[in-house]
Amino acid sequence: LCFFFFFKQKTAYEILSGLVGSEMCIRDRSTQSTWDFIFPQMLHCFLLLFFFISSECLDVTSDQSDMDKNTQEMAISHGYPCENYTIFTSDGYKLLLFRIPGKQGEPLEDAKKKKRQPVILQHGILENSDSFLVNEKPAIAYVLADGGLDVWIPNFRGTMYSREHKTLDPDKDPEYWNFSMDELVKFDLRSIFDFVIETTKYTKVAYVAHSMGGGIMLAAASEFGDYYSKHLSSIAALGPSTCLKNANVMMKLVHYMSFLNLLNFFGFNELMNLHDNIHTFMSIFCHILPSVCSTFIRFVADEEPAWDNSDKYNVFFNHYPDATSTTQAIHILQQVKWQGYYKYLSLIHI
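Scope of this entry: the structure provided in the associated data block. As the structure is a prediction and not an experimental result, all values here were calculated from the model.

1. Some thoughts on a nonpolar patch on the surface
A cluster of nonpolar side chains, I288, L289 and V292, forms an exposed patch at the surface whose accessible area comes to about 220 Å². With respect to the element layout, V292 can be found in helix α13 (residues 290–300). Residue classification places V292 among the partly exposed residues on the basis of a relative accessible area of 39%.

In C-alpha cells:
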C-alpha cells in the first residue's frame, strides 16, 4: 500500500519527509524493538493515505491554480499585466513591490505608458502581497486595476518577499528582526511612497490597507504630517490596528500571559516562519474541514468567518501566515493595554 502511494503521490511523500522525518525509514533495526520500528512505518503510511485521499477529493470545480504561485504569477495567470521592483530602505532592508499597472488583458508595456492614478495596497501583520489576490473573484487588486488604477502591492520587511538586508542575514543575525511597527512607519512606508511617486510621476498616491497596514499609515500621517499631507490623496483603512479595545479573547490572553515577551526574551526573534510543507498541510486540512478552520480564524482574526470564502481556504492557507518579528507582534498586542498608544514599549519600560 505504501509502495503504491509513493509512486501515485510523490509530492505527498516529500511533504511527509519534512513533517515526520525521512530518517525514520533508515534506522538500524537491531537497536530497536519491533514496535519502535513498526509504529513510525504505520504513522508514515497513515499520513500518506491521508494526503492521497484528501488530494484526490479536492473539489475540481474550484479553481486551485493559485495554490503555489507568487503574487506576480497569480496576476499574470489571470490575464493582468504585472511586474516587480526591488527597493532598499535607508536602514538597509530590501523590499519587494509588485505592480499591476493595467486592466485584464492589457499588455504590460501598453499599460505602463498610460497615466493612471497610483494606489498602494498594504498588507497587515502575518500577511504579504498575496493576500490581495488569493480570493480572485473578486480580489481587490483586480477590482482596482479594472477600475483604471495603477495598483502597487508592497511587502514590508520580514515577509518572505522582503527577507533580505544589505549586511544582515535573517537566518543568522538576530539584529535583522529587531524591528517593530515604528520602523515600518519611519523607514518602509516612506521608502515605498518615495519610489511610487518617483516612478509614476504622480505627487499624490491613494492608500488602501488592511489591519496593521492601516494603523501604520495613521501613525505615519500623525508623525510625518508635512510629508503625507503633500503625497497622500486618500486612505481606506480596513480594520486598522490602532486601538484594540474590542480585541477577541485569544489576543487578550496571549497579551496578558506575556507569551510573546517570553519568546523574545529567550531569543526567538522571528515569528511564524512556517515551512512550505506546513502550509500545504494546513491547506489540505482546511479544504477537508473548513468548519474547523473557520473556528480557528474566528479566534485569531475574524469575528464573522461566515463572510469568508471557504472555497478558497486551501489557497489562502497555502500563502498565510507569513513571518514577522516577535517584537512587531508584541507591539500590536501592546495596544490591548495601551489603547491608542502607538510607539513600541520595550520590556524594560513595561
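2. Things to note about the pattern of salt bridges
This structure, assessed with the given rule, holds 11 salt bridges. Close ionic contact of R99 with E83 constitutes a salt bridge, the shortest N to O distance being 3.5 Å. Of this pair, R99 sits in strand β2 (residues 93–100) while E83 sits in strand β1 (residues 83–88); the two residues are 16 residues apart in sequence, bridging distant segments of the chain. Of the two residues examined, R99 and E83, each falls in the buried class. Its salt-bridge partner being R157, residue D188 comes within 2.5 Å of it at the nearest N-O pair. Highlighted residues: D188 in helix α7 (residues 181–200) and R157 in the loop between β4 (150–154) and β5 (164–165), separated in sequence by 31 residues. When its relative accessible area of 0% is taken as the criterion, D188 is described as buried. In this structure, a network of salt bridges that share partners links the residues E83, R99, E109, K112 and D150.

3. Section: the pairing of strand β3 (residues 118–122)
One face of the sheet, then the other: side chains in a regular strand alternate in exactly this way. Burial analysis of β3 places five of its five residues in the buried class, the great majority of the element. Burial of β3 is two-sided: the residues P118, I120 and Q122 facing one way and the residues V119 and L121 facing the other way are all buried. Examined bridge by bridge, β3 and β4 share three bridges and lie parallel to one another. Each residue of the ladder has a partner; that of V119, found in β4, is V151. Once you follow β3 into helix α6 (residues 140–146) and on to β4, the crossover reads as right-handed. Pairing of β3 with strand β6 (residues 205–210) involves four bridges; the strand directions are parallel.

4. Here we look at the packing of aromatic side chains
Under the defined criterion, the tally for this structure stands at 13 aromatic pairs. On the basis of an interplanar angle of 80 degrees and a centroid distance of 6.1 Å, the ring pair of W152 and F195 is categorised as edge-to-face. Of this pair, W152 sits in strand β4 while F195 sits in helix α7, and the two are 43 residues apart along the sequence. Each member of the pair, W152 as well as F195, is classed as buried. Taking 4.8 Å as the distance between ring centres and 75 degrees as the angle between the ring planes, the aromatic pair formed by Y176 and W177 counts as edge-to-face. According to the relative accessible area criterion, Y176 is buried, its value standing at 0%. Grouped by ring-pair contacts, the aromatic residues Y93, Y176, W177 and F179 constitute a single cluster. Positioned over the ring face of F88 is K166, at 5.3 Å from the centre of the ring.

5. Points about unusual backbone geometry
Positive phi values are uncommon outside glycine, yet K201 reaches one of about 70 degrees. Along the polypeptide, K201 turns up in the loop between α7 and β6. Taking relative accessible area as the criterion, K201 reaches 62% and is therefore assigned exposed. A positive phi angle, close to 55 degrees, is found at S211, a residue other than glycine. Of note, S211 is situated in the loop between β6 and α8 (212–223).

Conventions and cut-offs
- Residues numbered from 1 in each chain as written.
- Predicted model: local features only at pLDDT ≥ 70, side-chain atom pairs only at ≥ 80, totals over all residues.
- Heavy atoms only, no water.
- Patch = residues over 30% accessible without salt bridge, like charges linked within 9 Å, V, L, I, M, F, W, Y side chains within 5 Å.
- Areas by Shrake-Rupley, 256 points an atom, 1.4 Å probe, with all protein chains shown as cover.
- Salt bridge = Lys/Arg side-chain N within 4 Å of Asp/Glu carboxyl O.
- Helix = DSSP H or I, 4+ residues; strand = E, 2+ residues; numbered from the N terminus.
- Buried < 20%, exposed > 50% of the residue type's maximum accessible area, 1.4 Å probe, protein only.
- Pairing = 2+ DSSP bridges.
- Right-handed = clockwise from strand over helix to strand, strands pointing away.
- Phe/Tyr/Trp six-rings, centres within 6.5 Å; stacked < 30°, edge-to-face > 60°.
- Lys NZ or Arg CZ within 6 Å of the ring centre and 35° of its normal.

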